[in-house]
Amino acid sequence: MTKNILVALPLTDELQTRLRAAVPSFAYRFTTQETATLEEILWADAILGNVPVELIRQNDHLEWFQSNFAGPDPYLAPGVLPPDCAVTNATGAYGLAISEWMLGMWLALIKDLLLYRDRQTARRWDPITRPVRSIAGARVLCVGMGDIGSSFARRAHALGAEVVGVRRHAADCPPYCLRVVGTDKLDEELPTADLIALSLPGTPETDHLFNAARLAKCKPGAILLNVGRGTAVDSDALAAAIQNGTLYGAALDVTDPEPLPPEHPLWGLETVLITPHISGRFSLPRTLENIVGIFAHNLRRYAAGQTLDNQMSRTTHYVSADTPGQRLVCEP
């Protein structure tokens, strides 16, 4: 049976051909998130790409929505998608790009590279005399062990760090971790962590998980990275923790609120690096190729009437053992 497939991503001709080849009997239209029309959205039985919420909620027959993000929170709100619409996400697509951003930011902070860039801009030959740190032997606490957190954990381990993973519930320990604990053990792990790497979804349980009280439990001089949701960290409390020396610094690709207001004190701290939610997206071409691969995989399953992979729970906002299908991995 023919299905109407709307793809709202900036795909090359080669990637469009790859999708058509997955199920040639389907009808396809290609557009972008910015240019998608209501007529196109109402035509579709399945949509790839985060088209405007106010338009997609008018499609009452949509069977499948494939987000191009790992966390499509606005689309999971009640009333946006039909109750029986399957929701799949881009878990597996972003691990490479975002984990490399995390490594780059970590190195920039522990080797004072950002401070030397400031000196270069000022044309100052001005060595910093304090010792720098090393990845080798550092204790890394990965809070969130999905695709992104696990990708970063593997890379940190490969460079000699000791990695502890934190999930909603304790789990089997992969070879690149010392252990994987539940969030109930988070406070026990914080005092020994040199780096705290957050890759959490936006849920009521993660909202301000890192508030002033929790930041106070961190190891003095620790660094915090956040690439999940800005709401996981109290921005005011983080700024205060860095100003008073509890933390050394932070690298943030997400903030609360977002965008971060220009008057916020985090902007002015020399050991804070802020990027405007760009660690993922499509700046690395491999990411878009991964998303197309996930969608093509599920297109074939959709055509065969099989369970889709990467399905999200509308209550927990996770792809987990509680949801149908499997969680996909696009890169080692």
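Located above this text is the structure these notes cover.
Now for a quick tour of the structure. (Residues numbered from 1 in each chain as written. Predicted model: local features only at pLDDT ≥ 70, side-chain atom pairs only at ≥ 80, totals over all residues. Heavy atoms only, no water.)

## A closer look at helix α4 (residues 95–110)
Okay, step 1: Over its 16 residues, α4 extends 22 Å from the first C-alpha to the last, a length consistent with the 22 Å expected when each residue adds 1.5 Å.
Okay, step 2: Of all the 16 residues making up α4, 13 are buried; the element is thus mostly covered by neighbouring parts of the structure.
Okay, step 3: Note on α4: the residue one or two positions beyond its end, D112, has a positive phi of about 60°. (Helix = DSSP H or I, 4+ residues; strand = E, 2+ residues; numbered from the N terminus. Expected span 1.5 Å × (residues − 1). Buried < 20%, exposed > 50% of the residue type's maximum accessible area, 1.4 Å probe, protein only.)

## Focus: the pairing of strand β1 (residues 4–8)
Okay, step 1: β1 sits mainly inside the fold: five of its five residues count as buried.
Okay, step 2: Residue alternation in β1 divides its side chains into two sets, N4, L6 and A8 and I5 and V7, and both sets are buried.
Okay, step 3: Here β1 pairs with strand β2 (residues 27–31) via five bridges, running parallel. Following the sheet pairing, I5 is matched in β2 by Y28.
Okay, step 4: Note that the unit made of β1, helix α1 (residues 13–22) and β2 has a crossover that is right-handed.
Okay, step 5: As judged from the three bridges shared by β1 and strand β3 (residues 46–48), these two strands associate in the parallel manner. Counted as the bridge partner of V7 is L48 from β3. (Pairing = 2+ DSSP bridges. Right-handed = clockwise from strand over helix to strand, strands pointing away.)

## Some points on the nonpolar core
Okay, step 1: The biggest cluster of nonpolar side chains holds 61 residues, and the ones touching the most others in it are I5, L19, M102, W106, V140, F152 and L299.
Okay, step 2: Residues within four places of L19 in sequence aside, it is in contact with V7, L11, Y28, F30, L48, V292, F295, A296 and L299. (Core = buried A, V, L, I, M, F, W, Y, C linked by side-chain atoms within 4.5 Å. Contact = heavy atoms within 4.5 Å.)

## Here we look at the packing of α1 against helix α10 (residues 285–303)
Okay, step 1: Orientation of α1 relative to α10, taken along the N-to-C sense of each, is 15°, at an axis distance of 9 Å. Relative to α10, the element α1 lies roughly parallel. Both α1 and α10 take part in a crossing whose hand is right-handed. Residues L15, R18, L19 and A22 of α1 touch α10, and the partners they reach there are L288, E289, V292, G293, F295, A296, L299 and R300.
Okay, step 2: Counted by class, the contact of α1 with α10 contains eight nonpolar, one polar and three charged residues. (Axes fitted to C-alpha atoms, helices over the stretch in contact; angles between N-to-C directions. Parallel < 35°, antiparallel > 145°, perpendicular 65-115°, else oblique. Left-handed = near helix turned anticlockwise from the far one by under 90°. Nonpolar A, V, L, I, M, F, W, Y, C, P; charged D, E, K, R; others polar.)

## A closer look at the packing of aromatic side chains
Okay, step 1: Going through the model one piece at a time under the given rule, you end up with six aromatic pairs.
Okay, step 2: With a centroid separation of 5.8 Å and an interplanar angle of 70°, the aromatic rings of F26 and Y302 are classed as edge-to-face. Residue F26 is located in the loop between α1 and β2, and its partner Y302 is located in helix α10; the two are separated by 276 residues in the primary sequence.
Okay, step 3: Classification of Y302 as buried rests on a relative accessible area of 15%.
Okay, step 4: Taken together through their ring pairs, the aromatic side chains of F26, W64, F295 and Y302 make up a single cluster.
Okay, step 5: Directly above the aromatic system of W43 lies the positively charged group of R29, at a separation of 4.3 Å from the ring centroid. (Phe/Tyr/Trp six-rings, centres within 6.5 Å; stacked < 30°, edge-to-face > 60°. Lys NZ or Arg CZ within 6 Å of the ring centre and 35° of its normal.)

## Considerations on the sheet that holds β3
Okay, step 1: The strand order across the open sheet formed by five strands is β2-β1-β3-β4-β5, and the pairing between neighbours is parallel. Single-partner strands in this sheet number two, and they are β2 and β5 (86–88). For this sheet the average axis-to-axis angle between neighbouring strands, irrespective of direction, equals 15°.
Okay, step 2: Pairing of strand β4 (residues 64–66) with β5 involves three bridges; the strand directions are parallel. Residue pairing across strands places Q66 opposite T88, the latter belonging to β5.

## Considerations on the pattern of salt bridges
Okay, step 1: Applying the stated rule across the entire model yields 12 salt bridges.
Okay, step 2: Of the charged contacts in the structure, one is a salt bridge between D126 and R119, with a shortest N-O distance of 3.6 Å.
Okay, step 3: On the accessibility criterion, D126 (27% relative accessible area) is partly exposed.
Okay, step 4: R119 gets classed as buried once you look at its relative accessible area, which sits at 18%.
Okay, step 5: One salt bridge connects E189 with R179, and the closest N-O pair in it is separated by 2.9 Å. Taken together, the residues E189 in helix α7 (residues 186–189) and R179 in strand β8 (residues 179–182) connect sequence positions 10 residues apart.
Okay, step 6: Taking the relative accessible area as the measure of exposure, E189 reaches 8% and is therefore buried.
Okay, step 7: Through salt bridges with shared partners, one network takes in R119, R124 and D126. (Salt bridge = Lys/Arg side-chain N within 4 Å of Asp/Glu carboxyl O.)

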